[in-house]
Every structure is written in structure tokens, then in C-alpha cells.
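Take a look at the letters that make up each chain.
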Amino acid sequence: MSEPAASRFGALRGQLADAASAFASSPDALTGILAGLVDDVDRALAEELEIFPVCHHSPSSALAMARRLAHKQPKVIYLELCEDLQPLLTELRNCELPVALQAFASELDGFPAGIGPLSVIAPITEASAEYQAIAYALETPGVELLLVDRSTDHVFQWQSRPGQEPEGSGPAGDGDGGSEPDPAPADSQTEPDEDKALHGDAVGVEIGDLRPGFAELEAYLLHHGKVRHWSEWWDQYVEQPLIGADHDTYRQVMVMIGSLFRRLRPTDAARSDRDEDRERYMWTRMREHLAASGADPADCLYVCGAFHAASHVEQFGVRSTAPFEITARTGTKWRYGLIPSSHSAIEAQFGLAGGAVSIAAATWRKALTASKITPYRLAGQQTGGRKRPARKPKAAAPAAAGAAVGTDRLSGFLATAARPGELDETELLGWCVDIVRLARRNGYLASTADAIAIFETSVLLAGMRNRRRPTPYDFTDAAVTCVEKDVVPGRRDVRRLCEIMFGGDRIGRVGYAALPPLAQDVYDRLAPIGLDLKKRTVQRALLDLHGDPQLRPCSDLLWMLRRLLPPEAVRPIMGERRLGEQSVQESWDVAIGRHQRSIIELGYEGVTIEQVLELRLRKAAWNPQATAASALAAVEDSLLYLNNRRFTDELGARAVQLLAAERTVDDAPEVLHRIRQLLSYYRSSGDAHLPAWCQAFVTTGYAHYCTLLPTAFVDDETGLRQVAAMLGFLMSMESLAMALGCDRAQLELAVRQSHPQSPAKVALLWAAQSQLGQLPLAQLRQRCADLLASPLIVGAFPHYLSGFVQALEPVPTLAPFVVEVLSAAFGQLPDTVLLPWLPALIATLREQAGELVPVLVREAGRTFPATLPALDSWTPPWSAAAGAPTPAAGTSSGPEIARYAMTGPVPQLLAGFPLATVAVADLLDCAAEPPTNGSPTDGAPGNGHRDLAVDALLDRYPVPADAAAALLGVS
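What you see is a predicted model, and the numbers here were worked out from it, not measured in a lab. Every chain is numbered independently, its residues counted from 1 as its sequence is written. Note on the predicted model: pLDDT of at least 70 is required for a residue's local features to be given, and 80 or more for side-chain atom pairs to be given and counted; whole-chain, interface and lining totals, by contrast, use all residues. Only hydrogens and water are set aside when side-chain values are computed; all heavy atoms of the structure are taken into account.

Chemist: Explain the sheet that holds strand S11 (residues 539-544) here, please?
Modeler: Two orientations exist for strands paired in a sheet by backbone hydrogen bonds: parallel and antiparallel. Spatial ordering of the open sheet is given by S11-S13-S12, a layout of three strands whose pairing is antiparallel. Edge positions in the open sheet fall to S11 and strand S12 (570-574), since each of these has one partner strand only. The average angle at which neighbouring strand axes cross in this sheet is 25°, direction not considered. The sheet contact formed by S12 and strand S13 (residues 585-590) spans four bridges and is antiparallel. What sits directly across from Val570, in S13, is Val590. Here, a strand pair is defined by DSSP locating no fewer than two bridges between the strands. Helix numbers and strand numbers start at the N terminus; a helix is a DSSP run of H or I with at least 4 residues, a strand a run of E with at least 2. To define axes, lines are fitted to C-alpha atoms, for helices over the stretch in contact only, and angles between the resulting N-to-C directions are given on a 0 to 180 degree scale.

Spelled out as C-alpha cells, the structure:
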């Protein structure tokens, strides 16, 4: 250490050592920390290249930067931002702040699979030191601005290194010693605000995030500072004392704070390594530039976060010779642009208290007025406020390097209490009047008395917190206490109203010239509808496509935007787009200005909307998880939005490949639905022949589903709906498949080889056999009659009905028979049998065949008489053809069942199934006498008579006999 530096902070070092000895239980540890802080400040100030420490979105940092730039007039500015974002800086002239620099990559090369798309953003606000440096460099001739931080590619390279923790979007996102985000106020109403999601899921990078590294220190500072949020603590104890400080004081205090938070943070090897690698990266880049350009370090300025200003790496300083190898970037193609940002988006992403950035902007404007400093601004930029001309360069100050050997200002700052500000009654009264007026507009019963109460409460709260001048945070708490009694009448609570009053949630906008070509193309093509797409309001567009055919391209573009953008960006109110149909009139709600970020990110994927849509459809069809159904969906979208027959045929061929490769039939219903729609479209379009891919899909699907049909019938994991869809494909496309060369014997063999076990699939198989002529309708009717007559099977009859209803998909002509079966069931079965399984029947039909039930209702409407008197003389049409099903024996023997009084487990079983008991007793000619003492009756029929009765029983009830034999293992 040089002698001037050693003497500069010698007195402070001694005072800190004495304080550690007097107050600390282990003075050696505390002395080391305090001495380390002084050493870090010493090292930063002694560096030949001037280091300017900043905190992100800090008015004091921005004000100090404006002062220093006006005094030093540096020729080169090194800025801590991702180096590959440099070309975007000139586009800030065309934007309204706040905006964010963005790097976006969707096609990854060299990164682990499944982590894309990748996105990095760096927000820029007017009240920030980085914007002052950018505006000065771009508006001052002869000044060079160089971004020296790692590239966006390295952000994710270092994140994916072994042992590295994910680099999130929160306050620790840029590795500057962040902690947990500020919690939302307990009395704050949660308001769904899409402006907070303007950054999406991008990784945030900012300059100089200063925050304690662990929760205990932050909680200690908040408790003793009598504040609730870290943003409020920083504003009271750092921001306000430094807002008017001179350059030396500002630098020394900021480096000390950065060193404090750097030393007092949890031991995290992954984060420490990443932060130190960033510092090595930046110093290596600066030394390379100095060596290549020959610039004098005295004419340069290094703007970085205060956390990095207190760096300990061996590459620190322009005179260091320690090497550092910068790895090459991956093959990922990054795209760059500007996206809108907002105060709330910045607060949400970087863990700041709600309204912190708005309050910082208000503090910045007030400080400019008080200090009479003209900030640097880009010429022609839309700032949303009063425009100030850019400051003209002054003559270079000769003592630029003298700042590195300035006197000790840190001792005086630490030893002197902050000068309390005087109460500005005019400002506070204005706040009180404004918040009461705003509250009344939002439904609160506020009055002049509330304004007076807010004034007095603000002064009281400030006094309780050792502040003579109420801060915006004190005023907000007072307003919540006095105005928001117990109920929030509207969408916004009082805390949100205070944020709006202090400047609101300013939302940036990217100008037309800074938009990517795709976004500019969208704006140009939608110009005929006469809407101002720059506005953030929802606008209504009315398109008379019949009267003004020139609006047809606008309609096509809106439908494509509807397909690619979030649902709220463009929303159709009237009109629809389906295969083979076009609307005559359309009405749209357009909010493109509110979703400008989504439009811009589409521009990273292609030059036109059509190109982006084609890329996405191709990506969906060739995705490793793609199915035949998803490929058919891509074909449908291609027909709806793109007039490209070659591309559509390519997607269709891909659908054929996926169908042939599938080993499950989970998507069979969707495949059937989509291919039917596509075939109907092509047949109605006037083409003489179907496309080749459609023909191949039908023949491939016919052979494919014939092969899988026997397995699907017996597989418990394959649902009834999937099997019905397979049969629907095979039978509804049978004529077309036969014309294309398929063999009907495939289907017949597949049906004969199917042996299902579940009742629903058995009914479905019977329906298929009936359609193929393997099972006559009379025999099918008799089987259903046997099911209804069997007491052991009638409980499962709803499942058979579910199978018959699903059979309407492949065999729609079966609808009259299903109505017949339902009528027979409801007409023959007693209430004791019908009522228990009726809820199960309704639930099964609603869940598995909701779209097929209307078919049954229409068929029933055609079958049954329309009036009640006609019902008395009505004869079912199926009765004359096949006769009504024979009622089950014993169905009307309720009085006989009632006279049985039996006990014991076996008699209880018989009593639980009275119909079966009576039927068996009648067939076996058993005496229907109640047993005595719980024992069976003594009388028994002879062997010959019993054998005849058993034969009659088996002949009459074959299905229960087969089921019982299967359960008992008897062939």
C-alpha cells in the first residue's frame, strides 16, 4: 500500500479498532472485518483506473454520475453490462423509458436439453447511473462506451457448470449479494397486474444490486431502522444522506457498503466463484481494450456495482498481469432487441418493495430541481416528461486522477449524524390533497378531515421513526391508516393509489424504428383497420369483409396473431375461422400495444408472421414427443392460416410416419376427429383427388388399427373410448380404404380375434360383429334380453349400455337398437333394481359419451309418440319385428319374497338377492317355506327332477353360469 493511502485512512482504522475492542466480545474477528472494509476502500480509490460504484435505479447514483461526467469528461466509459448488448444502446433513442435490453435464444446449441428458450434482460430507467453514462457517451463526440461484463451466452454457460446454482431473476440474479425479495405489505391487496409480467421468465441483469447476503442481518437492520422493507431502509440511511454528497464522499461510502455486504454474506462457493469470474472477466476485457487502443487510464471511467468495486480477485487493476481465460461462446444463435418494461416489472423481478422504483423516480425529479443539474438524455428520445436538452461538453478537468488520492471523507460521514431535513409543509399538504382526491375517485368515502388526519399522522410516524421529514413510505402508511378503514371498495387499495400518486407504474414503449422487422411488418399490415397500435388500451376493430375485401389480409393476420400471441392480445368478438368457412363480418378487441413484448419476441424467431408460424408448426410436428394427433393439428393450422400446399403435404406425410410408429391408441379419438374434418374439407374443396398423404394416412391407419384392435380389447389400460375410436376409424373409412387397396378380411379377422372381458367392451364387440354381419340383430336382441333377465348380471347392465352408446361412433345405425334396449330396461326392471344403478348409468354416459347422448335423444324423439294420450295406444316398433323380451322369472313375486324370514350368513345372502332366490326355487321346484331355526328345509326334490331343473336353469341363464364357472375354475 502506498504511503498516501496508508495515511489517508490511518485515523479511521485506529478508531474502528478501538471501537471493536470496547464493544465486541471477540475484538479480533470484528477488527478484521472493520479493517477489511477500510482496506477495500483503500484499494478501490488507489486504482489507476477510476472506479465509479453505483446501485441500480438509485437517484443518488444517477445524480453523482451526472456530476462526475460533467466534471471529468472521460474519453472511455467501461460499463458493467453484458458485452453483446452493445449494439442495442443506440436504439434507446427511439424508445420511451423504462425499457429493457433483451437477448433471446430459442434454438440452443451447446446447452443441456430442455432448458430453452433462454432470455436475459437488463432494465434501463431514466433515474439510473447506467442511463446517464449511456446518454453521455452517445451524445458526446469522441467518447467511447464499452460494455465489459460477460456475454449472455456466458450467463447460462456458468449457470450450467457443475456445482453452480441456478441464476434466477430475483434480487440475487446478477450475483451482487442479493437476499430474499421484499415481502408484499400485509395490508396490500393482491391485484392481478399483467404489467408485472412484462419481463416474462427472463434472467435479470442489473448494475449494482446492494443488499445483505443473509436474512439475519437484513432483519436486524430493518428492526433497528424502524422500517418494514429493505427499499425503505436503503432510501432512509443511504439514498437520502448521499443525494447531495460530493464525489469523494459518495465513492468511499458506496465502496464501503459494497465491501460490507460482500464480507457479511453466507459462504456460498458457487455464487462466490461466479461473482469473482465476472470480475476477472471485466478486468480482462478492460486491460485488452487499453492495450489495443492505447487509451490513458486517467481518461477512463469504470462504472460497476459497488459490490464489484470491492473486488479481491488477483486480476483487479489495470497493472495486474494475472491471466484469465475467457471461454468461447456456444453455437447458440442469440437474437437481440428492446422490450417494454415498467416500474412494477422491475420491482417484481428484483425483489423491491412495491412502489420503490416509482418513489426513486420522484426523488430523482425532486433532486434535479433542487440541485439545478441538467441530466444527460439521448437526443430525440421520448421521456414521457419534460424534455431537457443534452448538456454540452465542458473542458476536461485537469485533476481527473486526483480523485484516486483524495482525502478521507469516510470518517466524517460515519461520525456525523445525518442532517435532518426540514418539514416541507407545502409538499406534504399537496400529497394529502392528491391522495384524498384519488381515493374518492376509486370509491373511498374520503374527505378533508381525512386529509388533515393523514398530514398529522405522517408527521407523527416520521417522529416515531427518528425522521423530521416524512418520507413517501411514512405518508403511505399514514394514508392506509386514515383512509383504508376495513374494506377496499374497488380494485385498488390505498397503498396502490399512493404508488400511482408518486409517479405511477410508468410503462415504457419501444418506438417503431427500434422494433424488429416482424413487428414493423405487423404494424404496417394492420394500418388499414385504422387503429393506433401504440396505445396500451383495448381497441375495437370492425371488419366488413364482404363490403371491403381489401381488409381480408388484415383478417388473416389477426387470426395468425391470435394463434401465436397471448389470448388477450387479439380477441375475436364476432366471427370464426374453420376449415372451409370464412366470416363475412368480424369484430376484434386489439391490445397489441399492451403486449408489445410478445410481438417483439416473435421477431426474434423470424422476419414475418408466416415464417414464425411455419417454424412453430414444423417444430411441433418434428418434436420428439409429437404424435399423429399433434401432426394432424399442425396440418389443420397450416390449412387455416397458411396458403402453402407443399408445407401442408409435408406435415401430412409426417403424420403418416408418426401414426405408423405409434404403439398405443391413446390419441385415437383425436386422430379420428381430425382426419374426418380434413377429409371433409378436401372433398368439399373441389379437388378431384385426395392428397397423397391423406390416402396414405387412411391405408396406414386401417392396417395399423386392425393390428392393434385385439390387444386393445383385452388391455385394461386402453379405455373404452379409444377402442370405439379405433372401430370408428376402421368402419367409417372402410369404403375409402377398400378403394385404396385395403382388404376387408383384416378387419374381420381382427374382430374375430378379439375376446374382451369387461362388460362395456363386450357390448362394443357385439356391436362391431353386428355391423360386420357376424352377429344378427335378432341374436343381439336375445343376448340383451338374457342380460336383463339374469339377476346376477343385471347390476352390471349400465356398463353394457355404456359400450352400446360408445358403439354409436363406429356403428351409428345402432341408435334405434340402443333406444330399444334402454326402453326394455326401464320397462321391465323393478324399482329395486333400476334405481341403484341409474346414477351409475348417468355418470358413465356423461363422462364417456357426452357427445353421443344427443344422438340417442334425437332417435328417441323420432321413436316415441309426441303426446301423452298417444302413448297409451303406442306399440314399440321392435315388438312386431322380434317380440318383446321375456320377463325374468319371479320379477313380480315381491309378496312371496316378503314372507321369507331367515337368519344366518347363507340365508342373508339369499335374502339379499330375492329375485335370483325365487327364480332358482321355482326352477328347482323347491318348497317356498321359511326354514325353521335357521336350518334349510328338510324337503328336497329327487335326483332326476333336480337334474332336469338344473339343466333348465343353465339353459335359461347361460351368462351367469359361464361367469360362475370362470370364477370357480370349472370348464
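From this point, the narrative continues.
Chemist: I keep staring at the environment of Ala724 and nothing clicks. Help me out?
Modeler: Along the chain, Ala724 turns up in helix H27 (residues 720-732). Ala724 sits 87 residues away from Val811 along the chain, and the two C-alpha atoms are 9.5 Å apart. For this analysis, residues touch if any pair of their heavy atoms sits within 4.5 Å. What Ala724 contacts, discounting residues up to four positions off in sequence, is Leu764, Gln806, Glu809 and Pro810.

Chemist: Just checking my understanding: could you explain empty space enclosed by the protein for this structure?
Modeler: To find the voids left in a structure, one rolls a probe of water-molecule size over its atoms. Cavities and pockets were defined on a 1 Å grid built over protein atoms only: a cavity is a set of grid points that admits a 1.4 Å probe from which the probe cannot escape, a pocket is an open set flanked by protein on both sides within 12 Å along at least five of seven lines, and lining residues are those with an atom within 4 Å of any such point. Grid points are joined across faces, edges and corners, and a volume is the space filled by probe spheres set on the points. With the rule as written, the count across this model stands at seven cavities of 30 Å³ or more. Quantified by volume, the second largest cavity comes out at close to 140 Å³. Along its surface, the second largest cavity is lined by 14 residues, and Gly354, Tyr473, Thr476, Arg495 and Glu499 are the ones closest to its centre. Listed by contribution, the elements that provide at least two residues to the lining of the second largest cavity are helix H17 (472-483) and helix H18 (494-501). Three residue categories are used. Nonpolar comprises Ala, Val, Leu, Ile, Met, Phe, Trp, Tyr, Cys and Pro, charged comprises Asp, Glu, Lys and Arg, and polar comprises the others, including Gly. Taken together, the residues of the lining of the second largest cavity sort by class into five nonpolar, four polar and five charged.

Chemist: Looking at this model, I keep getting lost on the sheet that holds strand S1 (residues 50-54). Mind explaining?
Modeler: Taking strand neighbours across the sheet as the criterion, the four strands line up as S1-S8-S2-S6 in an open arrangement whose pairing is parallel. Edge positions in the sheet fall to S1 and strand S6 (144-149), since each of these pairs with one other strand and no more. The sheet shows a mean angle of 30° between the axes of neighbouring strands, direction not considered. Sitting on the sheet, helix H5 (residues 129-139) touches S1, strand S2 (76-82) and S6, and the angle it makes with S2 is about 135°.

Chemist: What is the right way to read helix H26 (residues 692-714) from this model?
Modeler: Because the α-helix completes a turn every 3.6 residues, residues three or four places apart line up on one side. For a helix, the expected span equals 1.5 Å multiplied by the residue count minus one. The end-to-end C-alpha separation of H26 is 34 Å, in line with the 33 Å expected for 23 residues at 1.5 Å each. To get the bend at a residue, fit one axis to the 7 residues ending there and another to the 7 starting there, then take the angle between the axes. The sharpest bend along H26 measures roughly 40° and falls at Leu708, with the proline Pro710 sitting one to four residues further on.

Chemist: Can you walk me through helix H6 (residues 152-159) in this structure?
Modeler: Three labels apply to residues, based on accessible area from a 1.4 Å probe with only protein chains included: buried if under 20% of the type maximum, exposed if over 50%, partly exposed otherwise in between. Counting buried residues in H6 gives seven out of eight residues, a clear majority hidden from the surface. Taken together, the buried positions of H6 are occupied by Thr152, Asp153, His154, Val155, Phe156, Gln157 and Trp158.

In short, geometric facts, not functional conclusions.
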